[in-house]
Amino acid sequence: MILVHTPNPKEVAAYLELFRAAMPERQFVDLEHAELSAIRHLVTWGLPDGLLAEMPSLEALFALGAGVDKLLARPDLPADLPVYRLLDGGMAAQMTEYIRYGVLGYQRNMDLYRRQQATGQWRMLAPRLPSDIRVGVLGLGEIGAAVARSLAADGYQVSGWSRSPKDIRAIRCLHGESGLTQLLVDSQVLACVLPSTPDTRGLLNRQRLETLPQGAMLINAGRGDLLDQDALLALLDNGHLRCAQLDVFTEEPLPADHPLWRHPAVAITPHVAAITLRQPSVEQIVRRLRQLAAGQAVDGLVERAQGY
Ligand code: NDP
Ligand code: OXD
């Protein structure tokens, strides 16, 4: 028996329809119809706390997302349970759009023109070409590598940072602490698509943000806890940073009275940079269920020790 659960019943119904059509030989159920002790596989995003402890037969969990930080933090997650995450699942293309939008806006000075408009100023700023703009992408995984490649194809000068060394055409690939400093010193736009792990939480602190060149832009679409939000506000206020485009926050929803909401140099989106698309996600999970049943290797296994 395979349990499919998200907090939205309509979404669960849509997922069940797709799973049942793709794999009629297996039994997919929602929480209401599940016999928890018989659940062997779980497909989920946002399962209520404590429920995992009631599934003693669980053999594998398939996350309906790319980031698994919340899932791995659950006290009821068995230490030896294999957790698989989505690889792309339709999200790389959306994230690419989200970050290209921010970078293009910065290149074309749209943030500055919006601020001029607020005070009725008609003032032309010097035009810049994509090749004038250096972009640093933090995270070169399924999503970050797609973002970096696309920005390079647009003509931007792109550097990327990852945990392990990489070799990606047209991207200056860096790793390690010294690689991070090299990337920060250089990046007029810093775009973060890192996962939240014990090693990356708090990475974008004041000292690292100050390493960015004067007038830089920050885009954070990885996770909110990677960034010190107070440090960001301070550096926007003192003019070291020019603007920010933020999709993720230390607390979500971002509290209504948070100063980020009203900061003129900040653009906010409610964790929508890249949404899980049902059809490719179902195809990916069905393929993995078949591979597991056949005793074959399965991709997307989360390295529990590394946290992603
Ligand atoms: P991947 O696991 O494929 O890629 C993660 C990348 O981060 C890898 O390049 C990895 O390096 C790098 N990395 C991890 N830890 C470190 C570290 N300590 N130092 C340097 N680099 C590190 O993940 P995805 O690309 O699929 O997704 C990335 C994240 O994007 C998700 O975890 C999630 O938080 C976020 N996300 C946000 C969405 C949104 O709507 N805002 C939507 C989807 C995802 P290496 O390659 O060496 O392993
Ligand atoms: C994800 C997300 O990690 O939507 O999939 O943030």
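About the thresholds
- All chains use their own residue numbering, which begins from 1 and follows the written sequence.
- Chain labels run from A onward and ligand labels from 1 onward, assigned in the order the entries are written.
- Owing to the predicted nature of the model, reporting of local features is limited to residues with pLDDT of at least 70; listing and counting of side-chain atom pairs is limited to 80 or more, with chain, interface and lining totals taken over all residues.
- Working from all heavy atoms in the structure, the side-chain values ignore hydrogens and water.
- For two strands to pair, DSSP has to find at least two bridges joining them.
- Segments assigned H or I by DSSP are reported as helices when at least four residues long, segments assigned E as strands when at least two residues long, and all are numbered from the N terminus.
- The cutoff for a nearby residue is simple: one of its non-hydrogen atoms must lie within 4 Å of the molecule or strand.
- What qualifies as a polar contact is a pair of N or O atoms within 3.5 Å, subject to a donor-acceptor requirement within protein and to the restriction that residues adjacent in sequence count only when both atoms come from side chains.
- Note on areas: Shrake-Rupley with a 1.4 Å probe; residue coverage comes only from the protein chains shown.
- Three classes are used: nonpolar for Ala, Val, Leu, Ile, Met, Phe, Trp, Tyr, Cys and Pro, charged for Asp, Glu, Lys and Arg, and polar for all others, with Gly counted as polar.
- With a 1.4 Å probe rolled over the protein chains alone, any residue whose accessible area is under 20% of its type maximum counts as buried; one over 50% counts as exposed, and the rest are partly exposed.
- Positive charge is attributed to Lys and Arg, negative charge to Asp and Glu, and no charge count is given to His or to the chain ends.
- When a carboxyl oxygen of Asp or Glu is within 4 Å of a side-chain nitrogen of Lys or Arg, the pair counts as a salt bridge.
- Two residues qualify as a contact provided that any one of their heavy atoms is within 4.5 Å of a heavy atom in the partner residue.
- For each domain, the first and last residues come from an automatic or database assignment.
- Buried area: the accessible area, evaluated with a 1.4 Å probe, that two parts lose upon being put together, summed over both parts.
- By nonpolar core is meant a set of buried Ala, Val, Leu, Ile, Met, Phe, Trp, Tyr and Cys residues that side-chain atoms within 4.5 Å join together.

Next up on the list: the sheet that holds strand 3 (residues 41–44). Remark on secondary structure: sheet strands pair via backbone hydrogen bonds, oriented parallel or antiparallel. If you trace the five strands from one edge of the open sheet to the other, you get 2-1-3-4-5, paired in parallel fashion. Both edges of this open sheet fall to strand 2 (28–29) and strand 5 (83–84), since each of them pairs with a single strand only. Bridging between strand 4 (residues 60–63) and strand 5 involves two bridges; their strand directions are parallel. Within strand 5, the residue paired with phenylalanine 62 across the bridge is tyrosine 84.

Near ligand 2, the surroundings consist of Trp45, Gly65, Ala66, Gly67, Met91, Arg223, His271 and Ala274. With respect to ligand 2, the side chain of arginine 223 contributes an N or O atom lying 2.8 Å from an oxygen atom. Contact distances for ligand 2 include 2.6 Å between an oxygen atom and a side-chain N or O atom of histidine 271. Notes on ligand 2: free accessible area 210 Å², of which the protein chains cover 86%. For the shell around ligand 2, the class distribution of residues is four nonpolar, three polar and one charged.

Turning to its location among the elements, aspartate 247 is positioned in the loop between strand 11 (241–246) and helix 9 (259–262). Arginine 223 is the oppositely charged side chain nearest to the buried, salt-bridge-free aspartate 247, at an N-O distance of 7.1 Å. Within the local environment of aspartate 247, its side chain forms a polar contact with the backbone nitrogen of valine 272, the two atoms lying 2.7 Å apart. One polar contact links the side chain of aspartate 247 to the main-chain amide nitrogen of alanine 273, over a distance of 3.0 Å. Other than its neighbours up to four places away in sequence, aspartate 247 contacts Tyr98, Asn220, Ala221, Glu252, Thr269, Pro270, His271, Val272 and Ala273.

Many structure descriptions define interface size as the accessible area lost when the parts assemble. Here the domain parsing of the protein chain yields domain 1 (2–89 + 276–293) and domain 2 (91–268). Computed from C-alpha atoms alone, the centre-to-centre distance between domain 1 and domain 2 is 33 Å. Contacts between the two partners involve twelve residues from domain 1, matched on the other side by seven residues from domain 2. Counting each side, the surface lost to burial between domain 1 and domain 2 is near 760 Å², with a carbon and sulfur contribution of 52%.

Residues Ile99, Leu138 and Leu232 are the most contacted members of the largest nonpolar core, which totals 80 residues. Among the elements that line this core, the one with the most residues is helix 3 (residues 91–107), at seven residues. Excluding residues that lie within four positions of it along the chain, leucine 232 makes contacts with Leu209, Leu218, Leu227, Leu241, Ala244, Leu246 and Leu260. Counting 19 residues, the second largest nonpolar core, distinct from the first, contains Val29, Leu42, Ala63 and Val83.

A few words on the environment of aspartate 230. Positionally, aspartate 230 belongs in helix 8 (residues 229–237). Taking the relative accessible area as the measure of exposure, aspartate 230 reaches 56% and is therefore exposed. Note: C-alpha distance between aspartate 230 and valine 286 (56 residues apart in sequence) is 43 Å.

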